[in-house]
Amino acid sequence: MTIISKSDEQKTYESRIMREFGGNPNSKEHREYAEVIAARTQEANEKLLRMEKSRR
């Protein structure tokens with residue numbers, strides 16, 4: 001069994017995603033959707049920041 005520890009920032013962001021998309025925090029499926037959305041959004045933001053730095 002793997003245990004994944006999330007930062008407070010990550011938990012807050014996932015909660016915000018749940019509220020904005022009308023997810024049910026008691027649903028494992030909805031929590032997983034929010035987790036994936038948060039992770040992919042973070043990856044996209046990091047990629048954009050790298051691209052901005054490389055243009056300078």
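Above this text sits the structure in question.
For clarity, every value in this text was computed on a predicted model and none was experimentally measured.

Definitions and cut-offs
- Within every chain, residues take consecutive numbers counted from 1 along the sequence as written.
- Owing to the predicted nature of the model, reporting of local features is limited to residues with pLDDT of at least 70; listing and counting of side-chain atom pairs is limited to 80 or more, with chain, interface and lining totals taken over all residues.
- Hydrogens and water molecules were not included; the side-chain quantities draw on all heavy atoms of the structure.
- Secondary structure elements are taken from DSSP: a helix is a run of H or I of four residues or more, a strand is a run of E of two residues or more, and numbering for both begins at the N terminus.
- Radius of gyration: C-alpha atoms only; globule rule: 2.2 Å multiplied by the number of residues to the exponent 0.38.
- Note on exposure labels: buried denotes an accessible area under 20% of the residue type's maximum, exposed denotes more than 50%, and partly exposed covers the range between, all computed with a 1.4 Å probe on protein chains only.
- The accessible surface values rely on the Shrake-Rupley method and a 1.4 Å probe; as for residues, cover is taken only from the protein chains in view.
- Neither His nor the chain ends contribute to the count of charged residues, in which Lys and Arg are positive and Asp and Glu negative.
- Charge placement uses NZ in Lys and CZ in Arg. For Asp and Glu, CG and CD serve respectively.
- Every residue pair with non-hydrogen atoms within 4.5 Å of one another is taken to be in contact.
- In this scheme, a helix's expected span is set at 1.5 Å multiplied by one less than its residue total.

> What am I meant to see in the overall build of the protein here?
From N to C terminus, the protein includes 2 helices and 0 strands. Computed over the C-alpha atoms, the radius of gyration of the protein is 14 Å, more than 25% above the 10 Å expected from 2.2 N^0.38 for a compact globule of 56 residues. Principal-axis analysis of the C-alpha atoms gives the protein an extent of 45 × 30 × 15 Å. A total of 56 residues make up the protein; the buried ones form 11% of that total. Summing over all exposed atoms, the protein offers an accessible surface of approximately 5200 Å²; the carbon and sulfur share of this is 51%. Charge-centre separation for the protein: the mean point of 12 positive side chains lies 4 Å from the mean point of 10 negative side chains.

> Would you mind showing me how to read the environment of Glu14 here?
If you trace the backbone, Glu14 turns up in helix α1 (residues 8-21). Each C-alpha atom, one on Glu14 and one on Arg55, is 31 Å from the other, the two residues being 41 residues apart in sequence. What Glu14 contacts, discounting residues up to four positions off in sequence, is Lys6, Ala34, Glu35 and Ala38.

> Which parts of the structure should I look at to understand the environment of Ala38?
Topologically, Ala38 is positioned in helix α2 (residues 28-55). Using a relative accessible area of 0% as the deciding quantity, one classes Ala38 as buried.

> Sorry if this is basic, but what is going on with α1 here?
Since one α-helical turn is 3.6 residues long, residues separated by three or four positions face the same way. Compared with the 20 Å implied by 1.5 Å per residue over 14 residues, the 20 Å span of α1 between its first and last C-alpha is a close match. Among the residues trailing α1, Gly22 stands out with phi positive, at a value near 70°.

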